[in-house]
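Fold and contact review
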Amino acid sequence: MINNLLFSHQNIRVSFTYLIFVVLVSQLFSCQKKEENLLGTPLELEESLFNLEWATRMDSEKEIVNLAHGVSYENWYIRSGDKDDPSKIMAFHKDTGLKEWEIVFDELDGYNINSMHLHEHILVSTNAYYVFAFDLESKQIVWKENLKAKGMLLGKGTIAANEKFYLNATFNFDPLGGGVAHLYEFDIYTGIHRTVYSKAPDSLRTGTMTISLPVYWKNEIILFNAFPNSERPPEEVQQYIMAYDMTAQKIIWKTQVVHQYGSNKLITPIIHKNSIITGGGSDIYGFDLNTGTHLWTFKMDYPWSIWNDTNHLIHEGRLYLNNGQHDVTCIHPETGKLIWNNPHGGANCTQNMTYYEKENLLVFASWGYGSVMILDALTGKTIHREHRFDNSQYFNDILYDEDRDMFFTSTYKHAIGFKINTIR
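What counts and what doesn't
- Residues numbered from 1 in each chain as written.
- Predicted model: local features only at pLDDT ≥ 70, side-chain atom pairs only at ≥ 80, totals over all residues.
- Heavy atoms only, no water.
- Helix = DSSP H or I, 4+ residues; strand = E, 2+ residues; numbered from the N terminus.
- Buried < 20%, exposed > 50% of the residue type's maximum accessible area, 1.4 Å probe, protein only.
- Areas by Shrake-Rupley, 256 points an atom, 1.4 Å probe, with all protein chains shown as cover.
- Patch = residues over 30% accessible without salt bridge, like charges linked within 9 Å, V, L, I, M, F, W, Y side chains within 5 Å.
- Salt bridge = Lys/Arg side-chain N within 4 Å of Asp/Glu carboxyl O.
- Lys, Arg positive; Asp, Glu negative; His and termini not counted.
- Charge placed at Lys NZ, Arg CZ, Asp CG, Glu CD.
- Pairing = 2+ DSSP bridges.
- Phe/Tyr/Trp six-rings, centres within 6.5 Å; stacked < 30°, edge-to-face > 60°.
- Lys NZ or Arg CZ within 6 Å of the ring centre and 35° of its normal.
- pLDDT = per-residue confidence, 0-100.
- Contact = heavy atoms within 4.5 Å.
- 1 Å grid on protein atoms, 1.4 Å probe; cavity = no way out; pocket = protein on both sides within 12 Å on 5 of 7 lines; lining within 4 Å.
- Points joined across faces, edges and corners; volume = space filled by probe spheres on them.
- Nonpolar A, V, L, I, M, F, W, Y, C, P; charged D, E, K, R; others polar.
- Axes fitted to C-alpha atoms, helices over the stretch in contact; angles between N-to-C directions.
- Polar contact = N/O pair within 3.5 Å; in protein donor to acceptor, adjacent residues only side chain to side chain.

**Observations regarding the overall build of the protein**
- If you tally the helices and strands in the protein, you get 1 helix and 34 strands.
- The 424 residues of the protein split such that 53% are buried.
- Approximately 19,400 Å² of the protein is accessible, and the part contributed by carbon and sulfur atoms is 50%.

This is the structure in structure tokens:
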């Protein structure tokens, strides 16, 4: 049953010695910053670049903590509920911020939505048990599939270029090792699905293989990262990238990315012209799309990191990156050569950066900073950092509505609508 609810509006004791230590370290760090002339220092502007249009409390009694990013559809900015709530979505009008409707999905076993993906008017979502599609026009569930009932541990999902929804899941998952990796493909409109790739563990020692979400190429070929021993300690985890023919059910090519510190497990590789690009360890790699031949490596200045959340954004021959550290980096996607690096551009950027073409800006949320970050996309300089609203951090993807020239995101408390003032 779907319920529609309209218009629902230790003290820590710190020793004196520790405080002295913190102050000294802070002063040392600040001195270093002054000497470096960092790109991460926001520019001083005559007026604020960030113009808050509206902020609406999502829940009057608590904060909303959830892994799902919002979606933008017609007049609504749509967010999901709290991790402790049943599965539900809330729609805020983009012009006023008014919560116009809220829907609770009672039939989905009471588990919160942890991912949302929009294709036309169909919202494909997942919770701990279900993958399901919801029609935003008719406000009805179109189809649902309980994979948990089949013994599946659900992973993440993506809508690929062939307009299919892909979801990775593990059958008979055992945290001590074991389980079969599956990659499902769903028809977005009907829910008809198939397993396009599966792999049992080579041994109990290696445990379940982990596979990233795929990118669709052509003629039923998908490319993804594979981690055959993902349950081993990080310094032992290997990573491969492979091209797989779903029709012939065979691997076309398979190339090792790294022999330890495998990463990029949760997001897709990216195709650019005749190359496929993925992160591994703390670095980024380019491979020939047809053969898997290694083309280039861009080294990041860390012993290892992760490429688990932020997708790699390509815009007009520039590749924008964040590997979970503080750096935001721009490189040439055909050569791997550096264009610019901002060492304090935004820690742990959320899944999708937005390129604001009107002003040539990168606009995104940094979960690590709890801030909305605005960077010059051509030079990497930090233009503005908007930190907190009502003492609550920003943590969700930032979405852009071109017709309104307006952005939408959320803190843990509020749905937010804002604009960017002209700077050039």
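Picking up where we left off.
**Examining a negative patch on the surface**
- Together, Glu 316, Glu 357, Glu 402 and Asp 403 line one region of the surface with negative charge.
- Secondary-structure assignment places Glu 316 in the loop between β24 (313–315) and β25 (318–321).

**Side note on the pattern of salt bridges**
- Tallied over the entire structure, the rule returns 18 salt bridges.
- Among the salt bridges present, the one from Lys 62 reaches Asp 85, with a minimum N-O distance of 2.7 Å. Of this pair, Lys 62 sits in the loop between β2 (50–57) and β3 (71–73) while Asp 85 sits in the loop between β4 (76–80) and β5 (88–93), and the two are 23 residues apart along the sequence.
- With a relative accessible area of 29%, Lys 62 lands in the partly exposed category.
- Asp 187 is the partner of Lys 164 in a salt bridge, and the nearest nitrogen-oxygen pair spans 3.3 Å. You can see Lys 164 sitting in strand β12 (residues 164–171) and its partner Asp 187 sitting in strand β13 (residues 180–187), a full 23 residues away along the chain.
- Salt bridges here are not isolated pairs; linked through shared partners, they connect Lys 62, Asp 82, Asp 85, Lys 88, Lys 99 and Glu 102.

**Focus on the side chain of Asp 401**
- Here Asp 401 is to be found in strand β32 (residues 399–401).
- For Asp 401, a relative accessible area of 8% puts it in the buried group.

**Things to note about the pairing of β4**
- Taking burial as the measure, the 5 residues of β4 include 5 buried ones, the bulk of the element.
- Residue alternation in β4 divides its side chains into two sets, Trp 76, Ile 78 and Ser 80 and Tyr 77 and Arg 79, and both sets are buried.
- In this structure, β3 lies alongside β4, joined through 3 bridges in antiparallel fashion. Residue pairing in the sheet places Ser 72 in a bridge with Tyr 77 of β4.

**What about the packing of aromatic side chains?**
- Per the stated rule, a full pass over the model turns up 22 aromatic pairs.
- On the numbers, 5.2 Å between centres and 80° between planes, the contact of Phe 105 with Phe 134 is edge-to-face. With Phe 105 in strand β6 (residues 99–105) and Phe 134 in strand β9 (residues 130–135), this residue pair connects regions lying 29 residues apart in the sequence.
- The class of Phe 105 is buried, set by a relative accessible area of 1%.
- Residue classification places Phe 134 among the buried positions, given a relative accessible area of 0%.
- It is Lys 265 that lies over the ring of Phe 227; its NZ or CZ is 5.5 Å from the centre.
- We note Arg 385 situated over the ring of Tyr 369; from NZ or CZ to the ring centre the distance is 4.4 Å.

**Points about the confidence of the model for the protein**
- For the protein, the mean per-residue pLDDT works out to 86, and 85% of the residues sit at or above 70.
- The model gives residues 1–38 a pLDDT under 50, and that stretch makes 34 contacts with residues more than four places away or in other chains.

**Some remarks on the layout of surface pockets**
- Its volume calculated, the second largest pocket comes out at about 340 Å³.
- What lines the second largest pocket is a set of 19 residues, among which Gly 155, Asn 168, Thr 170, Thr 210 and Leu 266 lie closest to the centre.
- Looking at the lining of the second largest pocket, the elements that each hand over two or more residues are β11 (152–159), β12, β13 and β15 (210–211).
- Residue contributions to the lining of the second largest pocket peak at 4 residues, all from β11.
- Grouping the amino acids of the lining of the second largest pocket by side-chain chemistry returns 8 nonpolar, 8 polar and 3 charged.

**A closer look at the sheet that holds strand β7 (residues 115–119)**
- Taken together, the 4 strands give an open sheet; going across it, the order is β7-β8-β9-β10, and neighbouring strands pair in antiparallel fashion. The two strands at the open ends of the sheet, each matched to only one other strand, are β7 and β10 (140–146). In this sheet, neighbouring strand axes are inclined to one another by 15° on average, regardless of whether the strands run parallel or antiparallel.
- In terms of strand pairing, β7 meets strand β8 (residues 122–126) through 5 bridges, oriented antiparallel. Of the residues in β8, the one forming a bridge with Ser 115 is Thr 126.

**Section: the environment of Asp 187**
- Counting along the chain gives 24 residues from Asp 187 to Glu 163, while the straight-line C-alpha distance between them is 7.9 Å.
- Looking at Asp 187, its side chain comes within polar contact range of the side chain of Lys 164, at 3.3 Å.
- One polar contact links the side chain of Asp 187 to the main-chain amide nitrogen of Tyr 189, over a distance of 2.9 Å.

**Focus on unusual backbone geometry**
- For Glu 220, which is not glycine, the phi dihedral falls at a positive 65°.
- Following the sequence through the fold, Glu 220 ends up in the loop between β16 (215–216) and β17 (221–227).
- The backbone phi angle of Glu 316 is positive, close to 50°, even though this residue is not glycine.
- Classification of Glu 316 as exposed rests on a relative accessible area of 59%.

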